[in-house]
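Here are the chains, one letter per residue:
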Amino acid sequence: MEKQNLILAFESSCDETSVAVIRDGHEILSNVIATQINSHKRFGGVVPEVASRHHIEQITICIEEAMTEANVTYDDLDAVAVTYGPGLVGALLVGVNAAKTVAYAHNLPLIPVNHMAGHIYAARFVKPFEFPLMALLVSGGHTELVYMQADGQFEIIGETRDDAAGEAYDKIGRVLGVPYPAGKVIDEMAHQGHDTFKFPRAMIDEDNYDFSFSGLKSAFINTVHHADQIGETLDKNDLAASFQASVVDVLTSKTLRVLKQYPVKQLVLAGGVAANHGLRERLQAVLPQEFPDTDLILAPLKLCGDNGAMIGAAGYVQYQHHQFGDATLNADPSLEFDWMPNMPR
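Scoring rules and cut-offs
Residues numbered from 1 in each chain as written. Predicted model: local features only at pLDDT ≥ 70, side-chain atom pairs only at ≥ 80, totals over all residues. Heavy atoms only, no water. Helix = DSSP H or I, 4+ residues; strand = E, 2+ residues; numbered from the N terminus. Rg over C-alpha atoms; globule rule 2.2 N^0.38 Å. Buried < 20%, exposed > 50% of the residue type's maximum accessible area, 1.4 Å probe, protein only. Areas by Shrake-Rupley, 256 points an atom, 1.4 Å probe, with all protein chains shown as cover. Domains from an automatic or database assignment. Buried area = accessible area lost by both parts, 1.4 Å probe. Salt bridge = Lys/Arg side-chain N within 4 Å of Asp/Glu carboxyl O. Polar contact = N/O pair within 3.5 Å; in protein donor to acceptor, adjacent residues only side chain to side chain. Nonpolar A, V, L, I, M, F, W, Y, C, P; charged D, E, K, R; others polar. UniProt positions renumbered as here; feature names shortened; annotations may be inferred. 1 Å grid on protein atoms, 1.4 Å probe; cavity = no way out; pocket = protein on both sides within 12 Å on 5 of 7 lines; lining within 4 Å. Contact = heavy atoms within 4.5 Å. Pairing = 2+ DSSP bridges. Axes fitted to C-alpha atoms, helices over the stretch in contact; angles between N-to-C directions. Phe/Tyr/Trp six-rings, centres within 6.5 Å; stacked < 30°, edge-to-face > 60°.

With that settled, the discussion passes to the overall build of the chain. Per the secondary structure count, the chain includes 10 helices and 11 strands. Against the 2.2 N^0.38 benchmark of 20 Å for 345 residues, the chain shows a C-alpha radius of gyration of 20 Å, consistent with a compact globule. The 345 residues of the chain split such that 57% are buried. When the accessible surface of the chain is split by element, carbon and sulfur atoms take 50% of a total near 15,000 Å².

Below, the structure written as structure tokens:
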């Protein structure tokens, strides 16, 4: 029987401390997540210094729980994987240093993982990837279309020029009085309302694959403020539905356009906003009609947010390619994928 591969994986890029044990890159033996949402809720967003302190308190507890739940010892492990960027530098440093310590103490290879690659590989737990593949990556800090010709190869074809989709959700959530993080509640409200406000669909007809959500955010805020000034009461569910319709229209139309130029076997939807039911439903409805030969893989709902399991899945691919780090590994808060050559910027 072939020896199994076991990777201990760390994620601490924002406000979740997570440690997981992954077998052969696609089986979750444990995935412990300590969330900090309640600590950040009263601030309306993540406070980096608070996040870092929480990570320090939680990281060793998460390691113990992950190892115990997986029923493994350090001798069973083949490698340690860790998110080293992008993210909040203080938060990243906690995970990076914990991973480096474990790797050094137990003489294990260290695998530095790009957080965004991790989000894409969350979908690997659904089924094996087939290439070429396109990923629509939608999270709090990033919105990008990523083309993959093979495992571990990422090329950006389009990205947001200002606010990411998740960022826009949180900002309009404040205007609606929805607590952070606002995405899930706005999604639920949108399903009870109608697109009556017809907010702008930014860049939807432009001849590129980039996104912009700051204009939509401004239009939304101006609509609400104007109504407040004249004493008009607007239906919050209709506001949410109108906002979400704009976001989903833009994300879907750009994705369908990119698939015409880059035929792929699979389309992966991943990232925190990939948990949005409006977006999932729209892609499930239109993709089989427009591209019947392209298989849609939705990252599992429980793995759309930040978690160690996805880092383990991405780390396994790097393990196979012997892409290891060493004791000099540092956090890289601005880490990015490369742009596809010859793409207009």
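There is more to say, and it comes next.
Attention now moves to the domain arrangement of the chain. A common way to state how big an interface is: give the accessible area lost once the parts meet. Here the chain is described as being made up of domain 1 (6–122 + 304–321) and domain 2 (133–298). The distance between the C-alpha centroids of domain 1 and domain 2 comes to 27 Å. Summed over both partners, the interface of domain 1 with domain 2 comes to about 1,400 Å²; 73% of that surface belongs to carbon and sulfur atoms. Of all residues in domain 1, M116, I120 and C304 give up the largest surface area on contact with domain 2, accounting jointly for 42% of the area buried on that side. If you look at where domain 1 meets domain 2, you find 0 salt bridges. Where domain 1 touches domain 2, the interface holds 4 residue pairs in polar contact (both at pLDDT 80 or more). When residues of the side of domain 1 that touches domain 2 are traced back to their parent elements, those giving at least two are helix 1 (37–41) and helix 4 (115–121). Among the elements that line the side of domain 1 that touches domain 2, the one with the most residues is helix 4, at 5 residues. Grouping the constituent residues of the side of domain 1 that touches domain 2 by class yields 9 nonpolar, 5 polar and 2 charged.

Moving on: the UniProt feature "binding site: Fe cation" (unreviewed entry) in the chain. Mapped onto the present numbering, the UniProt feature "binding site: Fe cation" (unreviewed entry) falls at H115, H119 and D306. What stands out for the annotated residues spanning 192 residues is how close their C-alpha atoms remain, the widest pair being 8.6 Å apart. Restricting the annotated residues just mentioned to those that line the largest pocket leaves H115, H119 and D306. The residue H115 is located in helix 4 in this model. Apart from residues no more than four positions distant in its own chain, H115 is found in contact with E11, S13, T83, G85, P86, D306, M310 and I311. Beyond its immediate sequence surroundings of up to four residues, D306 is in contact with E11, S13, C14, E16, I33, H115 and H119. Polar contacts involving the side chain of D306 include one to the side chain of H115, which spans 3.2 Å.

Sheet strands associate in pairs through backbone hydrogen bonding, adopting either a parallel or an antiparallel arrangement. Strand order in the open sheet made by the 6 strands is 10-9-6-7-8-11, with mixed pairing throughout. Across the chains shown, the open sheet's two edge strands, defined by having one partner strand only, are strand 10 (295–298) and strand 11 (338–339). Where strand 7 (residues 143–148) and strand 8 (residues 155–159) come together, 4 bridges link them in antiparallel fashion. In the strand pairing of strand 8, L145 is matched with G158. On top of the sheet, helix 8 (residues 236–261) reaches strand 6 (133–138), strand 7, strand 8 and strand 9 (266–270); it is set at about 160° to strand 6, its chief contact.

What the 5 strands build is an open sheet, ordered 3-2-1-4-5; its pairing is mixed. The sheet is open, and its two borders are formed by strand 3 (27–35) and strand 5 (110–114), each paired with just one other strand. Taken over all neighbouring pairs, the strand axes of this sheet differ in orientation by 20° on average, direction set aside. With 8 bridges connecting them, strand 2 (residues 16–23) and strand 3 associate as antiparallel partners.

With that settled, the discussion passes to the packing of aromatic side chains. The final tally for this structure, using the stated rule, is 11 aromatic pairs. Here F199 and F220 contribute two aromatic rings whose centre-to-centre distance is 5.6 Å and whose plane-to-plane angle is 45°, an arrangement assigned as tilted. A residue pair is termed long-range when its members are at least 10 positions apart, and F199 in the loop between helix 6 (183–190) and helix 7 (214–229) and F220 in helix 7 qualify at 21 residues. Like F199, the residue F220 is buried in the burial classification. Plain terms: the ring middles of F211 and F213 are 6.3 Å apart, the flat faces sit at 10° to each other, and that makes the pair stacked.

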